[in-house]
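# An overview of the molecular structure
Okay, here's what each chain looks like letter by letter:
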Amino acid sequence: MLTLLATSLIALSVPAADGPCPRGVVDQLDGLYRWQVQQMDNSDDPATALASQRQRFTPSLFKLLMEARQLTPARDGRFIDFDVFSNTQVATYGAKVKGCSAEKGNSIQAEVAVDVGLRGQSSGTPRRLLYELNNSKGSWRINNITYLDAKVFELRSFLQKLVHPTP
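Note that the coordinates shown come from a computational prediction; the quantities given were computed from them, not determined experimentally. Sequence order as written defines residue numbering, which begins from 1 separately in each chain. Local features are withheld for residues below a pLDDT of 70 in this predicted model, meaning they are given only at 70 or higher, and side-chain atom pairs are given and counted only at 80 or more; totals for whole chains, interfaces and linings count all residues. Heavy atoms throughout the structure, all of them, feed into the side-chain values; hydrogens and water do not.

With that settled, consider the pairing of strand S2 (residues 107–118). We call a residue buried when its accessible area falls under 20% of the maximum for its residue type, exposed when it is over 50%, and partly exposed in between, using a 1.4 Å probe and counting protein chains only. Numbering of helices and strands starts at the N terminus; helices are DSSP runs of H or I of at least 4 residues and strands are runs of E of at least 2. Among the 12 residues that make up S2, nine are buried, leaving the element largely enclosed by the rest of the structure. In the sheet, strand S1 (residues 91–100) pairs with S2 via eight bridges, with the strands oriented antiparallel. From the neighbouring strand, Ala 91 faces S2, where its bridge partner is Gly 117. Where S1 folds back on S2, the antiparallel hairpin that results is connected by six residues, among which Gly 105 adopts a positive phi of roughly 65 degrees. Here, a strand pair is defined by DSSP locating no fewer than two bridges between the strands. Pairing of S2 with strand S4 (residues 127–136), which is carried by eight bridges, proceeds in the antiparallel orientation. Counterpart to Gln 109 in the pairing with S4 is Glu 132. The pairing of S2 with strand S3 (residues 121–122) spans two bridges and is antiparallel. Pairing of Gly 117 across the sheet is with Ser 122, part of S3.

In structure tokens:
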């Protein structure tokens, strides 16, 4: 019951995407999902494939993603068991940037609806993700992702615990 209440309160505290996004934000996210959809048909090593997207992420988030992608259940006893760009274990068919919150300093939050499904067919219910992007030297970079469906949680803190577990 407390978990449900906490999840509901977190979901309510997430700022709504109340306006349009800067072109650079849309370009970064559209490019990420074009790459993601192409990856569904490739059998490339996930960590190697992700390296081609380095410029889309802040250095610290990219480092965490790469470290986490290299974990294996047999060797490490832990690994990423979901797609971080949809918060599912099914295929991604596309995504739409729904809007952005007002910029705060060099940061903005963009709400993204991700189209997912099984066996070549969309579920019809998009997954809701909130991307935090930072503007560094005129380029927007992904710094974190908050998953808004079901159990609300953040990618960065999840990866930190996964990569650097406390005994």
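Here we take up the side chain of Gln 39. Looking at the element boundaries, Gln 39 is found in helix H2 (residues 23–39). Its relative accessible area of 17% is what places Gln 39 among the buried residues.

Time to look at the environment of Ala 47. Here Ala 47 is to be found in helix H3 (residues 46–51). When sequence neighbours within four positions are dropped, the list of residues in contact with Ala 47 reads Met 66, Arg 69 and Gln 70. The contact criterion used throughout is that any non-hydrogen atoms of two residues lie within 4.5 Å.

Glancing now at the packing of aromatic side chains. Two numbers describe a pair of aromatic rings. These are the distance of the centres and the angle of the planes. Two aromatic rings, drawn from Phe, Tyr or Trp (for Trp, its six-membered ring), form a pair once their centres lie within 6.5 Å of each other, and the interplanar angle then sorts them: stacked below 30 degrees, edge-to-face above 60, tilted otherwise. The tally for this structure, following the rule as stated, stands at nine aromatic pairs. A centroid spacing of 6.2 Å and a plane angle of 80 degrees characterise the contact between Trp 35 and Phe 85, whose relative ring orientation is edge-to-face. Of this pair, Trp 35 sits in helix H2 while Phe 85 sits in the loop between helix H5 (73–76) and S1; the two residues are 50 residues apart in sequence, bridging distant segments of the chain. Each member of the pair, Trp 35 as well as Phe 85, carries the same accessibility label: buried. Members of the aromatic cluster, connected to one another through ring pairs, are Trp 35, Phe 57, Phe 62 and Phe 85.

Any carboxyl oxygen of Asp or Glu that lies within 4 Å of a side-chain nitrogen of Lys or Arg is treated as forming a salt bridge with it. For the coordinates displayed, the defined rule picks out five salt bridges. A salt bridge links Arg 75 to Asp 76; the nearest nitrogen and oxygen atoms lie 2.9 Å apart. Of the residues examined, Asp 76 reaches a relative accessible area of 23% and is grouped as partly exposed. When the shortest N-O distance is used, the salt bridge between Arg 128 and Glu 111 registers 3.6 Å. Taken together, the positions of Arg 128 in strand S4 and Glu 111 in strand S2 put the pair 17 residues apart, joining distant regions of the chain. Arg 128 sits in the partly exposed class, given a relative accessible area of 38%.

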